[in-house]
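# Descriptive analysis of the structure
Single-letter residue listing:
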Amino acid sequence: MSSYVAIADRDHEIEHHDPQTFIRKYVWSQDHKVIAIQYGITAIFVGLIALGLSLMMRLQLGFPNEFEFINPESYYQFITMHGMIMVIYLLTALFLGGFGNYLIPLMCGARDMVFPYMNMLSYWAYLLSVIILLASFFVPGGATGAGWTLYPPQAILPGTPGVEWGILLMLVSLAVFIVAFTMGGLNYVTTVLQARCRGMTLMRMPLSVWGIFIATILGLLAFPALLVSAIMMLFDMNLGTSFFMPAISSMGVDPGFVGGSPILFQHLFWFFGHPEVYIVALPAFGIVSDLLSVHARKNIFGYRMMVWALIAIGGLSFVVWAHHMYVSGMHPYFGFFFATTTLIIAVPTAIKVYNWVLTLWEGNIHLRVPMLFAIGFIFTFIHGGLTGLFLGNVTIDMPLSDTYFVVAHFHMVMGVSPILVVFGAIYHWFPKITGKMYNETLGKWHFWMTFLGTYAIYLPMHYLGFQGVPRRYFAMGNTDFLPESAQALNAAITISALFVAATQILFFVNMIWSMKSGKKADPNPWDATTLEWLTPDTPPKHGNWGPDLPVVHRWAYDYSVPGYEDDFIPQTVPPEQAPAGRDHGVVD
Amino acid sequence: MEYILIVLAVILGGLLGWLLKQTFNAEPWVADVVSDTAHQGPMNAHSKLIGLVTLLAVVTSFFALIVSAYTLRMDLGDWIPLTEPGILWMNTGVLVVASLAFQWTRNAAVRNDESKLLPGMIVTGLLTSVFVIGQFIAWQQLNASGQYVTSNPANAFFFFLTGAHAVHILGGMYVWTRATVRLMSGKDTESVRRSIELCALYWHFLLIVWLVLFGLLLST
């Protein structure tokens, strides 16, 4: 037709050079799989630091003032760095930089990302942002203690820990991260749009790719809000402008600000901050759909509905931001509007939950480790989602705001739930990434202790929240309305947290041991249909597909198709060799 | 925040329409011989163009957010409108001519008229440099007249907006430099022509952004 030819059609014209030297292969690599692993390892490394910080906070909350190395200043630094690292440097980077990089080209049937060089730059810029962030622990004054929301005016005024250097490094690190993410994000979007192999229509893509694709679009459009607010705060801090800073007296001194609006910062921050929740959640939604379908040997229930629910959630996530600001003194009609949009988001989300459960219905469920994590996700996500309905209503949010109920809510819905999917996904794709099988027994222990342990942490927090235990407090202080038992509960939560953190050792032992001495994995151990399991080599070599790109003839969910002897039909099998499954597994 | 919402509605609406066209009535469970919808249709342009358009969407979001913050901050009592330096009119004119020159170069590239490429690129580069220097002079004039960045939120936004726009121009100049150097070396003409086309699009985009920003600055 036109002079434009898609990448898959030009494949034979392109020469594929394998990188030869060690450095080109594993360090300055432009191969999406190596970059994915670099992203993954870096993200998990900072994640472990953030986990350590949360344990320090728990030690103080469970056993107040027993530990000399935790004082109010360091407690706020732990809170801030824990939150920021977990949300941005772990989850965003791991889902999009890690799984996005690994899965998009393999699941779409591409040889690599469309812009491999920019992809490499994306990782190194991400690493730079991590180094800048971690450096803030070691500068005079230490890391910033402004809370992960970095609200002005306190974020840049004396009295907040890290006001000397920590906040500066935090803002710079975020700016570098956003540049890194944008370079990666342009790649993910363009690769999905341009580099799919022949026959891979949009509506044949696995839901993992859909989730990552929509989340990337959200990230590309939402992260600029964080960049704008970071730059404006840098202006206020270093040049003395008054974008956000009101006329204020700081420790008896007039810092010279006039008339700025801290609420303006909150609008900008949450314009990024709310979509950020879905930047983390949508890839998890997509991946969990695939895990459930593969291990239940059933097509995903309502594939098209699932795709459109992802799109609807993505779109709606831009018009709910002010539900984080109900207590900022907004106009009641404003709050009414945002409560309404927030509750509307529950509709596509509920559709997804029903469809996951209905996928399990009458499935041939294999309770392997990835499946356990996927089902565990449904539990924790429903829990966290339902408490979101409470907090989405202005009148219920008012008394619960800034209590442990909120902490419990967002940890269930965007902490535990995505992390369970991360574990499920790592177990699921481990045989493809490493070519080795993990230890099933260790994996199951890891699941049950993590799953039950996180419930032991977060369920009691809801109750503490109802009682009015305030979040962010270093010590309870003047809170006579709380019974003695609140402290006992806090101690129990701390013990559970220490337990859950310790069980993660099982995961790392399993991964490292299996990588070295696990038994060799079958190329397609789960009998899955998607393209990444059909590579000629396991783990896939540079260029992924050998001499010829795959050609796709069907969607990713032909499981248990009646009239076919195997219970799965890979996407590359042409129709004359196998029937097509109809929706819900019925054949014409 | 209404400006960013309008911009996002346009971006997401366009995306939504395209996705609807791709997915409406699709029956994903039907297996058949390669149905090649992925490789047809208007989106089937070159990857670099898709990448650039995506980047432009990101930059649009960035500037729309600043404009939203501008209008929100403007409504708080202490705003004193800034009288923009007259040199901005000249700068705007120069940027318009630079964009036209780039379009002329781009047309020559499409027609494969190689003799016009290098002069076209150099004229464009010079004009754009004049624009950036002109913006810098505008800053100097403001500072000389006692209008510092801290004097008023209107001033702070003026420096922020013009600075952010200039940084994007400089990013474009980096790509322009690469293309020009490769053009001089005479190698790889096909891909140089391609990057001239994309660069021209970026220049037009930044011109539109500037016209919007300049209009906003003048009217407030």
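Residues numbered from 1 in each chain as written. Chains lettered and ligands numbered in written order. Predicted model: local features only at pLDDT ≥ 70, side-chain atom pairs only at ≥ 80, totals over all residues. Heavy atoms only, no water.

## Regarding the overall build of chain B
Broken down by element type, chain B carries six helices and zero strands. Going from the N terminus to the C terminus, chain B shows its helices and strands as α-α-α-α-α-α. Projected onto its principal axes, the C-alpha positions of chain B cover 70 × 45 × 20 Å. The proportion of buried residues among the 220 residues of chain B is 49%. (Helix = DSSP H or I, 4+ residues; strand = E, 2+ residues; numbered from the N terminus. Buried < 20%, exposed > 50% of the residue type's maximum accessible area, 1.4 Å probe, protein only.)

## With respect to the overall build of chain A
A count of helices and strands for chain A gives 14 helices and zero strands. When the elements of chain A are put in sequence order from the N terminus, they spell out α-α-α-α-α-α-α-α-α-α-α-α-α-α. Against the globule reference of 25 Å for 588 residues, chain A gives a C-alpha radius of gyration of 24 Å, in line with a compact fold. If you line up chain A on its principal axes, its C-alpha atoms span 80 × 50 × 50 Å. Each of the 588 residues in chain A was classed as buried or not, and the buried ones make up 62%. When contacts within chain A are restricted to residue pairs at least 6 apart in sequence, those whose partners lie at least 24 apart make up 78%. Between the centroid of the 25 positive side chains of chain A and the centroid of its 33 negative side chains there is a distance of 8 Å. (Rg over C-alpha atoms; globule rule 2.2 N^0.38 Å. Contact = heavy atoms within 4.5 Å. Lys, Arg positive; Asp, Glu negative; His and termini not counted. Charge placed at Lys NZ, Arg CZ, Asp CG, Glu CD.)

## Some details on a nonpolar patch on the surface
Residues and elements named next belong to chain A. Together, Leu343, Ile382, Leu386, Leu389, Phe390, Ile396 and Phe466 line one region of the surface with nonpolar side chains, adding up to about 580 Å² of accessible area. When residues in the nonpolar patch are grouped by element, the largest group, four residues, is from helix α10 (residues 369-392). With respect to the element layout, Leu343 can be found in helix α9 (residues 332-360). Relative accessible area serves as the criterion here: at 31%, Leu343 is assigned to the partly exposed category. (Patch = residues over 30% accessible without salt bridge, like charges linked within 9 Å, V, L, I, M, F, W, Y side chains within 5 Å. Areas by Shrake-Rupley, 256 points an atom, 1.4 Å probe, with all protein chains shown as cover. Salt bridge = Lys/Arg side-chain N within 4 Å of Asp/Glu carboxyl O.)

## Quick look at the nonpolar core
Considering soluble globular proteins, one finds that nonpolar side chains tend to be buried as a cluster. Within the largest apolar cluster, 262 residues are counted, with the highest numbers of intra-cluster contacts made by Tyr89, Tyr126, Leu150, Trp210, Met232, Tyr303 and Trp356 of chain A. By residue number, the principal contributor to this core is helix α3 (residues 72-108) of chain A, which donates 23 residues. With residues near it in sequence (within four places) discarded, Trp210 of chain A still touches Leu202, Met203, Met205, Tyr303, Val307, Leu310 and Ile311 of chain A together with Leu19 and Thr23 of chain B. (Core = buried A, V, L, I, M, F, W, Y, C linked by side-chain atoms within 4.5 Å.)

## A word on the packing of helix α6 (residues 207-238) of chain A against helix α7 (residues 262-295) of chain A
Packed helix pairs are characterised by how far apart their axes lie and by the angle those axes make with each other. All names here are of chain A. Between α6 and α7, the shortest axis-to-axis distance is 8 Å and the interhelical angle comes to 160°. In terms of axis orientation, α6 runs roughly antiparallel to α7. At the point where α6 passes α7, the crossing takes the left-handed sense. A per-class count over the contact of α6 with α7 returns 24 nonpolar, six polar and two charged. (Axes fitted to C-alpha atoms, helices over the stretch in contact; angles between N-to-C directions. Parallel < 35°, antiparallel > 145°, perpendicular 65-115°, else oblique. Left-handed = near helix turned anticlockwise from the far one by under 90°. Nonpolar A, V, L, I, M, F, W, Y, C, P; charged D, E, K, R; others polar.)

## Thoughts on the packing of aromatic side chains
Residues and elements named next belong to chain A. Going through the model one piece at a time under the given rule, you end up with 70 aromatic pairs over all chains. Look at Phe285 and Phe377: their rings are 6.4 Å apart centre to centre, the planes differ by 65°, and that puts the pair in the edge-to-face class. Of the two residues, Phe285 sits in helix α7 while Phe377 sits in helix α10, which places them 92 residues apart along the sequence. Both residues of the pair, Phe285 and Phe377, belong to the buried class. Their ring planes at 80° and their centres at 6.2 Å tell us that Trp356 and Phe381 sit as a pair that is edge-to-face. In this pair, Trp356 is assigned in helix α9 and Phe381 in helix α10, connecting sequence segments 25 residues apart. (Phe/Tyr/Trp six-rings, centres within 6.5 Å; stacked < 30°, edge-to-face > 60°.)

## Re a negative patch on the surface
Residue and element names in this part refer to chain A. Residues Asp522, Asp527, Glu565 and Asp566 make up a contiguous surface patch of negative charge. With respect to the element layout, Asp527 can be found in the segment after α14 (484-517). By relative accessible area, Asp527 is classed as partly exposed at 34%.

## Section: unusual backbone geometry
All names here are of chain A. Here the bond from Pro152 into Pro153 is cis, since omega is 5°, no more than 30 degrees from zero. Relative to the elements of secondary structure, Pro153 occurs in the loop between α4 (116-135) and α5 (166-194). Omega for the peptide link from Thr538 to Pro539 comes to -10°, which places this bond in the cis form. On the secondary structure map, Pro539 appears in the segment after α14. Even without being a glycine, Arg472 presents a positive backbone phi close to 70°. Assignment of secondary structure puts Arg472 in the loop between α13 (440-467) and α14. Overall, Arg472 belongs to the partly exposed group, its relative accessible area being 31%.

## Let's talk about α9 of chain A
Residues and elements named next belong to chain A. The end-to-end C-alpha distance of α9 is 43 Å, a good match for the 42 Å that 29 residues give at a rise of 1.5 Å each. Largest kink in α9: about 25°, centred on Pro348. In the segment just after α9, Glu362 is the residue with positive phi, at about 60°. (Expected span 1.5 Å × (residues − 1). Bend = angle between axes of the 7 residues up to and from the residue.)

## Structural notes on the pattern of salt bridges
Here the idea is simple: oppositely charged side chains can pair when their charged atoms come close. All names here are of chain B. Applying the stated rule across the entire model yields 12 salt bridges over all chains. In this structure, Glu197 engages Arg194 in a salt bridge whose closest nitrogen and oxygen atoms are separated by 3.4 Å. On the criterion of helical spacing, the pair formed by Glu197 and Arg194 is a turn pair, its members being three residues apart in helix α6 (residues 189-219). For Arg194, a relative accessible area of 17% gives the class buried. Through salt bridges with shared partners, one network takes in Arg111, Asp113 and Lys116.

## Comments concerning the side chain of Ser293 of chain A
Structurally, Ser293 of chain A is set in helix α7. Setting aside residues no more than four positions away along its own chain, Ser293 of chain A makes contact with Lys298, Asn299, Ile300, Thr359, Tyr557 and Tyr559 of chain A.

## Observations concerning the packing of helix α3 (residues 87-110) of chain B against helix α4 (residues 117-144) of chain B
Residues and elements named next belong to chain B. Between α3 and α4, the least distance of the axes is 8 Å, while the angle of their chain directions is 165°. With respect to each other, α3 and α4 are oriented roughly antiparallel. Between α3 and α4 lies a crossing whose hand is left-handed. Considering only residue class, the contact of α3 with α4 consists of 19 nonpolar, eight polar and no charged.

## Side note on the interface of chain A and chain B
Each partner contributes to the interface: chain A provides 65 residues, whereas chain B provides 55 residues. Together, the buried faces of chain A and chain B total about 5200 Å²; carbon and sulfur atoms form 75% of this surface. The tally of links between chain A and chain B comes to zero salt bridges. If you look at where chain A meets chain B, you find six residue pairs in polar contact (both at pLDDT 80 or more). Mapped onto the side of chain A that touches chain B, the elements with two or more residues apiece are α5, α6, α7 and α8 (303-316) of chain A. Per element, the largest residue contribution to the side of chain A that touches chain B is 11 residues, and it comes from α6 of chain A. Its residues assigned to classes, the side of chain A that touches chain B shows 43 nonpolar, 14 polar and eight charged. (Buried area = accessible area lost by both parts, 1.4 Å probe. Polar contact = N/O pair within 3.5 Å; in protein donor to acceptor, adjacent residues only side chain to side chain.)

## Comments concerning the environment of Gln266 of chain A
Checked against the element boundaries, Gln266 of chain A lands in helix α7. Not counting the four nearest positions on each side in its chain, Gln266 of chain A is found in contact with Tyr151, Met325 and Ser328 of chain A.

## Thoughts on the environment of Gln147 of chain B
Residues and elements named next belong to chain B. With respect to the helices, strands and loops of the structure, Gln147 is situated in the loop between α4 and α5 (153-185). The exposure class of Gln147 is partly exposed, given its relative accessible area of 30%. Distance from Gln147 to Gly125, taken between C-alpha atoms, is 30 Å for residues 22 residues apart in sequence. Non-local contacts of Gln147, meaning those with residues more than four positions away in its chain, are made with Leu82, Leu142, Asn155 and Phe159.

## Let's talk about the state of the cysteines
On inspection of all chains with the given rule, the structure shows zero disulfides over all chains. No disulfide involves Cys108 of chain A; its sulfur sits 7.9 Å from the nearest other cysteine sulfur, which is in Cys197 of chain A. (Disulfide = S-S within 2.5 Å.)

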